[in-house]
Amino acid sequence: MKNLLLLFFLVFTEICVAQITGKVIDQNGEAVPFVNIYLKNTYVGTTSNTEGVYQLDYENTGETTVVFKFLGFKTLEKQVNITSFPYELNVTLEEETTSLNEVIVRSWENPAMRVIRKAIEYRKQNLEKIEAYTADFYSRGLWKIQNAPEKILGQEVGDLGGGLDSTRSGIIYLSETISKIKYQKPDNFYENITASKVSGQDNGFSVNSAEEADFNFYENTININTDLISPIANYALNYYEYKLEGIFYDENQKLINKIEVLPKRVNDPVFSGYIYIVEDDWEIYGVELKTTGKAVKIPPLNDLIFKQNYSYNPTEDFWVKLSQTIDFDWKIFGISGDGRFTASYSNYEFHPRFDEKTFTKEILKVERDANKKDSLYWEEVRPVPLTLEEQEDYTKKDSIQERKNSKVYKDSIDQVNNKFKLTSPIFGYTHQNSHQNNYWGFSGPIGGIHYNTVQGWKGNVDVFYRQDNEEKKTYWRSSVNLDYGLSEERFRAYATFFKKFNNFSKPYLSISSGVKKEEYNDTDALPLLINDITTLFFQRNYLKLYEKVFTEVAYSQEVVNGVRMSGQLSYEKRNPLFNNEDYVIIPHDDKVFTSNNPLAPNDFTNAAIEEHQLAKFTFGSRINFGQEYLNYPDEKYNIPSDKFPTLFVNYEKGFASNNTNYHYDLLKIAATQQLDFKNKGDFDYFISAGKFFGADRISFVDYQHFRGNQTRLNLNSDSRRFNLLPYYALSTNQEYAQLHAEHSFDGWVLGKIPLVRKLNFNLVLGYHGLATTHNQAYNEINIGLKNIGIGKFRFLRVDYVKPYFGGWQDGAFVFGFSL
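Conventions used here
Residues numbered from 1 in each chain as written. Predicted model: local features only at pLDDT ≥ 70, side-chain atom pairs only at ≥ 80, totals over all residues. Heavy atoms only, no water. Helix = DSSP H or I, 4+ residues; strand = E, 2+ residues; numbered from the N terminus. Buried < 20%, exposed > 50% of the residue type's maximum accessible area, 1.4 Å probe, protein only. Areas by Shrake-Rupley, 256 points an atom, 1.4 Å probe, with all protein chains shown as cover. Lys, Arg positive; Asp, Glu negative; His and termini not counted. Charge placed at Lys NZ, Arg CZ, Asp CG, Glu CD. Phe/Tyr/Trp six-rings, centres within 6.5 Å; stacked < 30°, edge-to-face > 60°. Pairing = 2+ DSSP bridges. Salt bridge = Lys/Arg side-chain N within 4 Å of Asp/Glu carboxyl O. Polar contact = N/O pair within 3.5 Å; in protein donor to acceptor, adjacent residues only side chain to side chain. Axes fitted to C-alpha atoms, helices over the stretch in contact; angles between N-to-C directions. Contact = heavy atoms within 4.5 Å. Patch = residues over 30% accessible without salt bridge, like charges linked within 9 Å, V, L, I, M, F, W, Y side chains within 5 Å.

*Asks:* Would you take a moment to explain the overall build of the protein chain for this structure?
*Replies:* Each helix and strand in the protein chain was counted, giving nine helices and 44 strands. Here the C-alpha coordinates of the protein chain stretch approximately 100 × 80 × 55 Å along the principal axes. Residues counted as buried form 49% of the 819 residues belonging to the protein chain. A total of about 40,300 Å² of accessible surface is found on the protein chain, and carbon and sulfur atoms cover 54% of it. The average position of the 90 basic charges and that of the 106 acidic charges among the side chains of the protein chain differ by 3 Å.

Written as structure tokens, this is what we have:
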């Protein structure tokens, strides 16, 4: 035991002392944060924290040179002779002064344009200079909140994991990541996360990763929810004006041009601030650029500020990114906050030996014990010291978490949350056992109240039980759905069992049985709330229902990366239904309800189907070509590739019916893809086709129906539906093909029109086409505006739609939300 204690003491002592430590201040004595500190002519380095404190791991005694570098300050080289550790080195940085004295200014030329044009000319060449590398990566994420409310929409906010103080302000997220990264041009990238820490979550994994932090201003665009235009993009001169602020020389006696970047139009997806360009090399020395929430189309966000620092490698003759900080602040509903993501790169190796197994579809792997590292480990490897505020957050939340993980605490919280309230029978109730990870309850009847002409007013309640396995991230759930129609005087119920087996291939098993009502059009074309409104206020009953008595088993699983297969077997008894109610809130003398027969809306005697039974088998596959994935110890996250379409292939068979006319086979294929056209917006399409075999006299239930719309509302702005096609006008049991395509220009068009661009609307163009056997082709074109609203609340969209069906039909406006 004594030997173990001695060994521990020696190791701990070595960890503590084998460092160069100190503080960086300016000439006014203020701390300078995020300074790059590294050994000269190496990539062994670190970054100072927000308090200016740094610690640089270094074990060799003797003479060495430590470089201190940060935008806005003169680079400082300190030659030191280290005789023992820890070695304290405090420094003061002088502000960098820029001058225009050496700049030859011609009256006809903006001197900044010469530099920018050269940077644009050499942009692609500089982008491709680095062919491959390995490096160590460190990232820290910090989110703060101010004035957090006690409740939001009646729901308790709580203390957000112990992050709030008495003023309802504080740190709500603090995390760190340490990883090793590998890169090979043009786009091979792999990251191995060896350590991950989230304050207050001993089982959590940080969301910080090197690829997520890779914002490269040599690219034409930088994607942050939308594509922002780089100040040195090929087409940057269409978006920016430039001003040469001044020049200075760095420690390598290279001339640096400090250029102010000025957007021509504030609502464009652009940056403002400064970019530093190296004369003759035309590479980036550093950036201090800001964008806005309006530019990235995230209304609650105010500002997003990027700072990047680069270092020159004389051996390779290129400049390499050493550090990056991203600061942001936001405000919505009177709640505000800010945060920062800090990234540090070190120990670059530019001639690694990669083989064919180095880069696969796995682009990130988190080591199994990455979130199990103790505080001693982090003290040893953390390149950027914690601030006092961050230290206190870790200490406080780790203590709170230990308490919150105890059975006593969980039981006490459950006791409060599990109280049955006076409003519970209306809004629902959930009883939770946090210690055993299970809960049961029922949904609120008020949420299940709807109206249709078959049932009249109807209520729906879901009674459920769920058991979670927190360690494996799996669960099973059983439920019973209860449905009653007042006018129909009919009670229906069905039960469902659902199980998720693992969190990697994600196998799902579902077993259901009972009685339920179904819509003939099974494409979710008509939301129940919209049908309530059109029926009660406009006397338009679009919902057409039948009854299904059924037993169904379904299973799905990813069989190999990118390929998910599913199967379903069911036996159904289908019964026709008829209208039982004609109540309306606002009657219209010129309108009457239609029957529940979508084939004959004026026939109130005969139904669209006869009572019959049928067995159905469905086999489907979804193929994501080129799919990459993130490999966490408890989950696999799939990243579909936008380079290829996602393909769907499905086969459906109807058999074992009491009427052999209802037997059929159906083969369907579909593809969808979203294409990023950078500053010109996004284009997405969905194309599908199908063919029935032996289906001339099948039940109308089994026809192929399409996502039509007769309400003038498209609430989720779904581009894969028709805007004005009646729900059952072209339903078919033959061949069909449909295409939906839409392009969102994201300001590329309207942003160039004076006055109009101030509205910050986005133009949308779309096409929707459908071809079915024995029918004329149906086509729609739509032109619309999205991002409509006031201030930060810009969620509305409006389209004008013009259909063509044997000739041009009347057009109409369609309204919706754009999120």
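*Asks:* It is not clear to me how the environment of Asn659 should be interpreted in this structure. Could you clarify?
*Replies:* Inspection of the secondary structure puts Asn659 in the loop between strand E36 (646-655) and strand E37 (664-676). Residue classification places Asn659 among the partly exposed residues on the basis of a relative accessible area of 24%. The spacing of Asn659 and Gln613 is 46 residues in sequence and 7.8 Å in space, taken between C-alpha atoms.

*Asks:* Hey, could you run me through the packing of aromatic side chains in this one?
*Replies:* Geometrically, a pair of aromatic rings is defined through the distance of the ring centres and the angle of the planes. According to the stated counting rule, one finds 53 aromatic pairs in the structure shown. Summarising the aromatic geometry, the rings of Tyr429 and Trp440 are spaced 5.8 Å apart at their centres and angled 65 degrees between planes, so their arrangement reads as edge-to-face. On the criterion of sequence distance, the pair formed by Tyr429 in strand E24 (residues 428-433) and Trp440 in strand E25 (residues 438-443) is long-range, its members being eleven residues apart. These aromatic residues form a ring-pair network of at least three members: Tyr43, Tyr133, Tyr183, Phe318, Tyr348 and Phe350.

*Asks:* What's the story with the pairing of strand E41 (residues 762-772) in this structure? I'm lost.
*Replies:* Look at any regular strand and the pattern is simple: side chains alternate between the two faces of the sheet. Of all eleven residues making up E41, eight are buried, and the element is well covered by its neighbours. Strand direction decides the pairing type here: strand E40 (residues 736-744) and E41, joined by nine bridges, are antiparallel. In the strand pairing of E41, His740 is matched with His768. As judged from the nine bridges shared by E41 and strand E42 (residues 778-790), these two strands associate in the antiparallel manner. Within E42, the residue paired with Leu770 across the bridge is Tyr778. In textbook terms, the turn of a hairpin is the stretch between consecutive antiparallel strands, and for E41 and E42 this stretch comprises five residues, one of which, His774, has a positive phi near 70 degrees.

*Asks:* Sorry if this is basic, but what is going on with the side chain of Arg794 here?
*Replies:* Tracing the sequence through the fold places Arg794 in strand E43 (residues 793-804). Asp746 provides the closest opposite charge to the buried, unpaired Arg794, separated from it by 12 Å. A distance of 2.4 Å separates a polar atom in the side chain of Arg794 from the backbone oxygen of Leu759. Polar contacts involving the side chain of Arg794 include one to the main-chain carbonyl oxygen of Asn787, which spans 3.1 Å.

*Asks:* Where do I start with the sheet that holds strand E2 (residues 36-39) in this structure?
*Replies:* Strands in a sheet are paired, the pairing made by backbone hydrogen bonds, and the direction either parallel or antiparallel. Read from one edge of the open sheet, four strands run E3-E2-E5-E6, paired in antiparallel fashion. At either margin of the open sheet sits one strand with a lone partner, and together these are strand E3 (45-47) and strand E6 (76-82). Across the sheet, the axes of successive neighbouring strands diverge by a mean angle of 20 degrees, strand direction being ignored. Strand direction decides the pairing type here: E2 and strand E5 (residues 62-69), joined by four bridges, are antiparallel.

*Asks:* Mind showing me how you'd approach the side chain of Thr387 here?
*Replies:* By secondary structure assignment, the location of Thr387 is in the loop between helix H5 (375-381) and helix H6 (388-404). Dropping the residues within four chain positions of it, Thr387 is found in contact with Asn49, Thr50 and Glu51.

*Asks:* When you look at the pairing of strand E13 (residues 188-198) in this model, what are you seeing that I'm missing?
*Replies:* Most of E13 is tucked away, with ten of its eleven residues classed as buried. Where strand E12 (residues 170-184) lies against E13, ten bridges are found, and the strand directions are antiparallel. Its bridge partner being in E13, Ile181 is matched across the sheet by Glu191. In this structure, the hairpin formed by E12 and E13 is closed by a connection of three residues. Bridging between E13 and strand E23 (residues 362-366) involves three bridges; their strand directions are parallel. Across the sheet, residue Asn192 finds its bridge partner in E23, namely Lys365.

*Asks:* I keep staring at the environment of Lys636 and nothing clicks. Help me out?
*Replies:* Residue position: Lys636 is located in strand E35 (residues 635-639). Look past the residues within four positions of Lys636 in its chain and what remains in contact with it is Asn503, Phe504, Lys506, Glu558, Asn561, Gln627, Tyr629 and Leu630. Side chain to side chain, Lys636 and Glu558 meet in a polar contact 2.8 Å long.

*Asks:* How should I be thinking about the pattern of salt bridges in this particular structure?
*Replies:* Within this structure, the stated rule accounts for 40 salt bridges. Two residues, Lys458 and Asp483, come together in a salt bridge whose shortest N-O distance is 3.0 Å. Here Lys458 is found in strand E27 (residues 456-469), whereas its partner Asp483 is found in strand E28 (residues 474-485), with 25 residues between them in sequence. Residue Lys458 is classed as buried on the basis of its relative accessible area of 6%. Judged by relative accessible area, which is 4%, Asp483 ranks as buried. Between Lys548 and Glu518 there is a salt bridge, with the nearest N and O atoms lying 3.1 Å from each other. Pair noted here: Lys548 is in strand E31 (residues 545-560) and Glu518 is in strand E30 (residues 508-519), with a separation of 30 residues, a long-range link. The class of Lys548 is buried, set by a relative accessible area of 7%. When salt bridges with common partners are traced through the structure, they connect Arg140, Glu176, Glu379, Arg382 and Glu390 into a single cluster.

*Asks:* Which parts of the structure should I look at to understand helix H9 (residues 528-538)?
*Replies:* Helical periodicity: at 3.6 residues per turn, an α-helix aligns residues three or four positions apart in one direction. When H9 is considered as a whole, its buried residues turn out to be Ile530, Asn531, Asp532, Thr534, Thr535 and Leu536. Taken together, the buried residues of H9 touch strand E26 (450-452), E27 and strand E39 (713-714). Count one or two residues on from H9 and you reach Gln539, which has phi positive near 55 degrees.

*Asks:* So what exactly am I meant to see when it comes to a negative patch on the surface here?
*Replies:* On the surface, Glu211, Glu212, Asp214 and Glu219 cluster together into a patch of negative charge. Along the chain, Glu219 turns up in the loop between E13 and strand E14 (221-224).

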